[in-house]
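Inside the fold
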Amino acid sequence: MLERIKDSFTESIQTKIDAAEALPESIEKAAEMMVQCLLGGNKILACGNGGSAGDAQHFSAELLNRYEIERPPLPAIALSCDTSTITAIANDYSYDEIYSKQIMALGQPGDILLAISTSGNSGNVIKAMEAALGRDMTIVALTGKDGGAMAGFMSEGDVEVRVPSNVTARIQEVHLLVIHCLCDNIDRTLFPQDEQA
Ligand SMILES: O=C(CO)[C@@H](O)[C@H](O)[C@H](O)[C@H](O)COP(=O)(O)O
Ligand SMILES: [Zn+2]
């Protein structure tokens, strides 16, 4: 087992090295979109399943509270948190609609959907993207593998950050790093005077 543990570390490090080559431009573009969204008084809605639901919550917590510097709270909502709403929609309609119905209610033109899926094939995340387009929102998608069906939903103003790996866990490990890069970019662009050494 020791070897297996070491292999997991090595594989994770290698995936991050590969991602450092492949992803900075798309992360920078996603951060610029988020900065413009927040400057315009809009908000970011985030969703995903399983570990990616946790990532959506991690992101919204960093914005609503703070990341590394002292600054005012920023508006973000993780759509995976309201169990009454989620169970009602899944029970009365379908699991695929748990995020899209929330977006139809909460999404405003100019808001961003942060759609997180390692496969790019989660039905409820794809329906969330459809709902976001219907609300004149833009999309930042964190994906992996071949981008799945989500890759086909990207339009001109959207960004896909696709981790170069086929392993769900390794992709999630990079998604968390991407989320921290987005938070860092947002903070340093919106609050340059508060930068810490
Ligand atoms: O955290 C993990 C695996 O590391 C799981 O909970 C994983 O997120 C779930 O199987 C998800 O349903 C996978 O969905 P997706 O990434 O393909 O959209
Ligand atoms: Zn996991």
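Residues numbered from 1 in each chain as written. Chains lettered and ligands numbered in written order. Predicted model: local features only at pLDDT ≥ 70, side-chain atom pairs only at ≥ 80, totals over all residues. Heavy atoms only, no water.

Concerning the UniProt feature "binding site: Zn(2+)" (unreviewed entry) in the chain
We apply this condition: UniProt positions are given in the numbering used here, feature names are shortened, and annotations may be inferred rather than shown by experiment. Throughout, a contact is declared for two residues whenever any of their heavy atoms are within 4.5 Å. Helical segments are the DSSP runs of H or I of at least four residues, strand segments are the runs of E of at least two, and each set is numbered from the N terminus.
In this structure's numbering, the residues bearing the UniProt feature "binding site: Zn(2+)" (unreviewed entry) are His58, Glu62, Gln172 and His180. Not counting the four nearest positions on each side in its chain, histidine 58 is found in contact with Leu176 and His180. Checked against the element boundaries, histidine 180 lands in helix α7 (residues 168–190). Residues within four places of histidine 180 in sequence aside, it is in contact with His58, Glu62 and Tyr67.

Points about the packing of aromatic side chains
Defined as follows: The pairing test for Phe, Tyr and Trp rings, Trp by its six-membered ring, is centres within 6.5 Å, and the orientation test on the planes gives stacked under 30 degrees, edge-to-face over 60, and tilted for anything in between. Think of it as a cone above the ring: NZ of Lys or CZ of Arg counts as a charge over the ring if it is within 6 Å of the ring centre and within 35 degrees of the ring normal.
Tallied over the full model, the rule gives zero aromatic pairs. Just above the ring of tyrosine 93 sits the side chain of lysine 101; from NZ or CZ to the centre is 3.7 Å.

Structural notes on unusual backbone geometry
The criterion, for reference: For every residue, the accessible area obtained with a 1.4 Å probe (protein chains only) is divided by the maximum for its type, and the residue is called buried under 20%, exposed over 50%, and partly exposed between those limits.
Located in the positive-phi region is aspartate 136, a residue other than glycine, with phi close to 60°. Structurally, aspartate 136 can be placed in the loop between α6 (123–134) and β4 (138–143). A residue is classified by how much of its surface remains accessible, and aspartate 136, at 56% relative accessible area, is exposed. Its identity as a non-glycine residue notwithstanding, lysine 145 has a phi of 50°, on the positive side.

Focus on the nonpolar core
Where we set the bar: Nonpolar cores were defined as sets of buried Ala, Val, Leu, Ile, Met, Phe, Trp, Tyr and Cys residues, with membership established by side-chain atoms within 4.5 Å.
Judged by nonpolar contacts, the single largest core of 37 residues is most densely connected at Met34, Ile44, Phe59, Leu63 and Leu114. At the level of elements, α2 (24–39), β1 (44–47), α3 (51–64), β2 (76–78), β3 (112–116), β4, β5 (159–162) and α7 are the ones that each hand at least two residues to this core. Once you skip the residues sitting within four places of it in the chain, isoleucine 44 turns out to touch Met34, Cys37, Leu38, Phe59, Leu63, Pro75, Ala76, Ile77, Ile112 and Leu114. By size, the runner-up hydrophobic cluster in this structure holds 20 residues, among which are Cys47, Ile86, Ile89 and Ala141.

A look at the site of ligand 1
What counts here: If a single non-hydrogen atom of a residue is within 4 Å of a molecule or strand, that residue counts as near it. Definition of a polar contact: a pair of N or O atoms within 3.5 Å, with one able to donate and the other able to accept a hydrogen when the atoms are protein atoms, and with sequence-neighbouring residues admitted only if both atoms are side-chain atoms. Only the protein chains shown count as cover for residues, with accessible areas throughout obtained via the Shrake-Rupley method and a probe of 1.4 Å. Polarity classes work like this: nonpolar for Ala, Val, Leu, Ile, Met, Phe, Trp, Tyr, Cys and Pro, charged for Asp, Glu, Lys and Arg, and polar for all others, with Gly in that last group.
Neighbouring ligand 1 are the residues Asn49, Gly50, Gly51, Ser117, Thr118, Ser119, Ser122, Thr168 and Gln172. Here an oxygen atom of ligand 1 sits 2.6 Å away from a polar atom, N or O, in the side chain of serine 119. With respect to ligand 1, the side chain of glutamine 172 contributes an N or O atom lying 2.6 Å from an oxygen atom. In the complex, 60% of the free accessible area of ligand 1, which totals 460 Å², lies under the protein chains. Class assignment for the residues of the shell around ligand 1 results in no nonpolar, nine polar and no charged.

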